[in-house]
Amino acid sequence: MIISATRILAIFRKELKQLTRDRLTFGMIIGIPMLQMILFGYAINTDVRHLHAAVADQAQTQLSRAMIQDAQASQVLDIVAERATAEELEQLMRDGIVSIGIFIPHDFERRLQQGDRVAAQLLVDGSDPVILGAAQQLARMPVRLDTATGPVATKATFEVRAFYNPERRSAVNIVPGLIGVILTMTMVLFTAVAIVRERERGNLEMLITTPVSTPELMIGKVLPYILIGLIQVTIILGLGALLFQVPVNGSLVDIYLASLLFIGANLTLGLVISAVAKNQFQAMQMTFFFFLPSILLSGFMFPFEGMPLVARYIAEILPLTHFLRLIRGIMLRGAEIAALAPEVLALLAFMVLTMLIAILKFRKSLD
Amino acid sequence: MAAAIETHDLTRRFGTLTAVDHLNLSVPEASIYGLLGPNGSGKSTAIRMLCGLLTPSEGTASVLGLSVPDQAEALRRKIGYMTQRFSLYEDLTVLENLSFMAEIQSLPRRERKGRIDSLLQVFDLGKQIRQRAGTMSGGQRQRLALAAATIHRPQLLFLDEPTSAVDPQSRRDFWETLFNLVDQGTTIVVSTHYMDEAERCHFLAILDRGMVAAQGAPRTLQEDIDATIVEVEAEQPNRTRKALLAVDGVFSVTQLGVRLRVLMNKSVTTPLVHVQSALKSRSPDARARLTTATLEDVFVAATQGRYRKQQRGPKQATPGARP
């Protein structure tokens, strides 16, 4: 079979023209990464900050006031109310006005000095485990105060700040991952739909009676999306640097190489879907069937290490898992792509395998 | 005349449905061969098998000397296929669609522009070159589709119900272009359910439920029809129709305004007398006369004829039952 560059180019140019005329799809290419970037970057933040809190300070000493200030300085808490008793704090929590209450008994300083009893109490709305976790970390503050001598307040502030530093780390972790998530979503879906649409509209029936071969058709259809994928990577990298000051510790060339590999793996998967799906709706369903485990199991949402063994085996099949290791390694740890060869090989293997399936499945007939 | 297409017991089943049932065709070169039949009679399936789009369940086909579907790849350079549905890109312009097809069909670069220009002229699309295909009228789209299907000068052209969405004038123009192509040596296979279109074909195969009910030149088919045709004019055609259907030997009565076309078994020796005597009592004002067959009569006789034989088969198989 002779592969003709003219025919591949013809399909490539046709596809690009159609894309630029389909305003909605074209908008999505730019819109999806921008929107997701902003959504994930700002909203998904596992560091808890600015929890509404109330204080009942019965001690009213210099030390108790200093401790409240320290707690506030950690930015975990925003003290929105002051009350006299623990009962009133509980009431505020029941009403949903605050999620944390700080109760400082009148013998606060004596308790601290004697060290036999807990000096103060932290009342927590435990319904949200994330808040509970934050409070448990916060609770370590008075314990430290307990053992401290000398300039108590200064030391306490220091300890808390050290603990709650990672605010920036969350965005740093999410942005590289987001490159992978967005590429998975758009690349698989776009290729799958691009071919299924031709089948649905009857274009394919006409095309397969022409000399166009399956590889020509697939390469021509996929090329524009490689371009689009690279544009999306650029948008995410740019916004990440601009909005969240995400550092790029490794080389840009390596980042684009890794992305290119990952784009390839997703496009071939899209081709497999397009060969199987009968209409655009089915293609969409299959994409999401693949998209969900990608997001949940790849280590984008939850740390990979915490997952059960079976989930980890499944995750090893997903290209996103390998890409996340690659891109986080390159962007955050400044690793070189060559040092991450196993991940590169895994992606390559996925790509070759799916491409084979796609070509075998996609027969030039209507049977 | 050499045959462009030769099929032998070509059959295609979809599950329990047999869409094309032991089709035997011989399509002569440089002619228009019509496949006439109602929806679901297997016309499209037959064309798709001949293009190599569908694998036959049984039987063989030789198209332009190539065996289908084994040599379908080689065949693709020599055939043009115009699908039932408009299958070019609606979001591309006329020029973009034609340029795309020229590149896909691997026309040499230096020939492309000249070929497209001449097609634009032949198919009268010169004014629409920048118009998107999706916004054109049915007739314009169909001309564009034919231009695209013939851009590589195919020896053999398959047209699947090409004029379904087209007005009568465009249809006439369209057929003129087809005859021009035949004059240049192209063989054309066209499927249709329009009688006037079928009449223009050099040869016809009437398909009914996947089988060939009759085949030959339209004129020959009309002359050789397996029925006697009586035309009846009546004031109350509907009542007369019921009366006629009760007459022995009548197997089809079709109303055309105040006229009724009555198809009778050829075995009836004096058909006119038969009809007139039946009408005398129930519809005295009706006038009957013998007439020649139209293609529609051929179609009805061929499709219903098969049905008749099936119904009568068992009776003839048990002659002893008759008194």
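Just above, that's the structure.
Residues numbered from 1 in each chain as written. Chains lettered and ligands numbered in written order. Predicted model: local features only at pLDDT ≥ 70, side-chain atom pairs only at ≥ 80, totals over all residues. Heavy atoms only, no water.

Chemist: Could you give me a rundown of helix α14 (residues 319-331) of chain A, with the residues and numbers involved?
Modeler: Because an α-helix packs 3.6 residues into every turn, residues spaced three or four apart end up facing the same way. All names here are of chain A. Taking 1.5 Å of rise per residue, the 13 residues of α14 would be expected to cover 18 Å, and the 18 Å separating its terminal C-alpha atoms lies within 8% of that figure. Burial analysis of α14 places 12 of its 13 residues in the buried class, which makes it a mostly covered element. Within α14, the full set of buried residues consists of Pro319, Leu320, Thr321, His322, Phe323, Leu324, Leu326, Ile327, Arg328, Gly329, Ile330 and Met331. (Helix = DSSP H or I, 4+ residues; strand = E, 2+ residues; numbered from the N terminus. Expected span 1.5 Å × (residues − 1). Buried < 20%, exposed > 50% of the residue type's maximum accessible area, 1.4 Å probe, protein only.)

Chemist: For the interface of chain A and chain B, give the residues involved together with the corresponding values.
Modeler: Taken residue by residue, the interface counts 26 residues in chain A and 29 residues in chain B. Interface of chain A and chain B: buried area, both sides summed, is about 2700 Å²; carbon and sulfur atoms make up 53% of it. For chain A, the biggest contributors to the area lost against chain B are Arg21, Met206 and Thr209 of chain A; these three give 24% of the whole. Put simply, chain A and chain B have 3 salt bridges between them. A salt bridge links arginine 21 of chain A to glutamate 96 of chain B, with the nearest nitrogen and oxygen atoms 2.7 Å apart. Linking chain A with chain B are 14 residue pairs in polar contact (both at pLDDT 80 or more), by the criterion used here. Those elements that provide at least two residues to the side of chain A that touches chain B are α1 (5-21), α8 (167-201) and α9 (203-207) of chain A. Of the residues that constitute the side of chain A that touches chain B, the class distribution is 8 nonpolar, 7 polar and 11 charged. (Contact = heavy atoms within 4.5 Å. Buried area = accessible area lost by both parts, 1.4 Å probe. Salt bridge = Lys/Arg side-chain N within 4 Å of Asp/Glu carboxyl O. Polar contact = N/O pair within 3.5 Å; in protein donor to acceptor, adjacent residues only side chain to side chain. Nonpolar A, V, L, I, M, F, W, Y, C, P; charged D, E, K, R; others polar.)

Chemist: Which residues make up the packing of aromatic side chains, and what values do they have?
Modeler: Each aromatic ring pair is summarised here by two numbers: the centre-to-centre distance and the angle between the ring planes. Under the defined criterion, the tally for this structure stands at 5 aromatic pairs over all chains. Ring geometry for phenylalanine 190 of chain A versus tyrosine 225 of chain A: centroids 6.1 Å apart, planes at 50°, classification tilted. Here phenylalanine 190 of chain A, found in helix α8, pairs with tyrosine 225 of chain A, found in helix α10 (residues 214-244); they are 35 residues apart in sequence, far enough to count as distant. Overall, the relative accessible area of 3% leaves tyrosine 225 of chain A in the buried class. Note on tryptophan 175 of chain B and phenylalanine 179 of chain B: the rings are 6.0 Å apart at their centroids and 50° apart in plane angle, and the pair reads as tilted. Taken as a pair, tryptophan 175 of chain B and phenylalanine 179 of chain B lie in helix α6 (residues 168-183) at a separation of 4 residues, close to a single helical turn. Given a relative accessible area of 29%, phenylalanine 179 of chain B falls into the partly exposed group. (Phe/Tyr/Trp six-rings, centres within 6.5 Å; stacked < 30°, edge-to-face > 60°.)

Chemist: Please provide a residue-by-residue account of the environment of valine 275 of chain B, values included.
Modeler: Residue and element names in this part refer to chain B. Mapping valine 275 onto the fold places it in helix α10 (residues 271-282). Between the C-alpha atoms of valine 275 and serine 26, which are 249 residues apart in sequence, the distance is 39 Å. Ignoring sequence-local partners within four residues, the contact set of valine 275 consists of Val230, Val232, Leu244, Met264 and Ala288.

Chemist: Pulling in residues and values, what's your account of the sheet that holds strand β4 (residues 121-124) of chain A?
Modeler: Pairing between sheet strands relies on hydrogen bonds along the backbone, with the strands arranged either parallel or antiparallel. All names here are of chain A. Read across the sheet, 4 strands follow the order β2-β1-β3-β4 without closing on themselves; strand pairing throughout is mixed. Sheet topology places β2 (77-83) and β4 at the edges, where each strand pairs with a single neighbour. Between one strand and the next, the sheet's axes are offset by a mean angle of 25°, whatever the strand orientation. Across 4 bridges, strand β3 (residues 100-104) lies against β4 in antiparallel orientation. (Pairing = 2+ DSSP bridges. Axes fitted to C-alpha atoms, helices over the stretch in contact; angles between N-to-C directions.)

Chemist: Summarise the sheet that holds strand β4 (residues 32-36) of chain B; cite the residues concerned and give the values.
Modeler: Residue and element names in this part refer to chain B. If you walk across this open sheet you meet the 6 strands as β7-β8-β9-β4-β10-β11, and the pairing is mixed. Unpaired on one side and paired on the other, β7 (79-82) and β11 (211-216) mark the two borders of the sheet. Averaged over all neighbouring strand pairs, the angle between strand axes comes to 15°, with direction disregarded. With 5 bridges joining them, β4 and strand β9 (residues 187-192) adopt parallel strand pairing. Within β9, the position partnered with tyrosine 33 by the bridge is valine 189. Across the sheet, helix α1 (residues 43-51) touches β4, β7, β8 (156-160), β9 and β10 (203-208), and the angle it forms with β8 is around 150°.

Any link to function would need more than the numbers given here.
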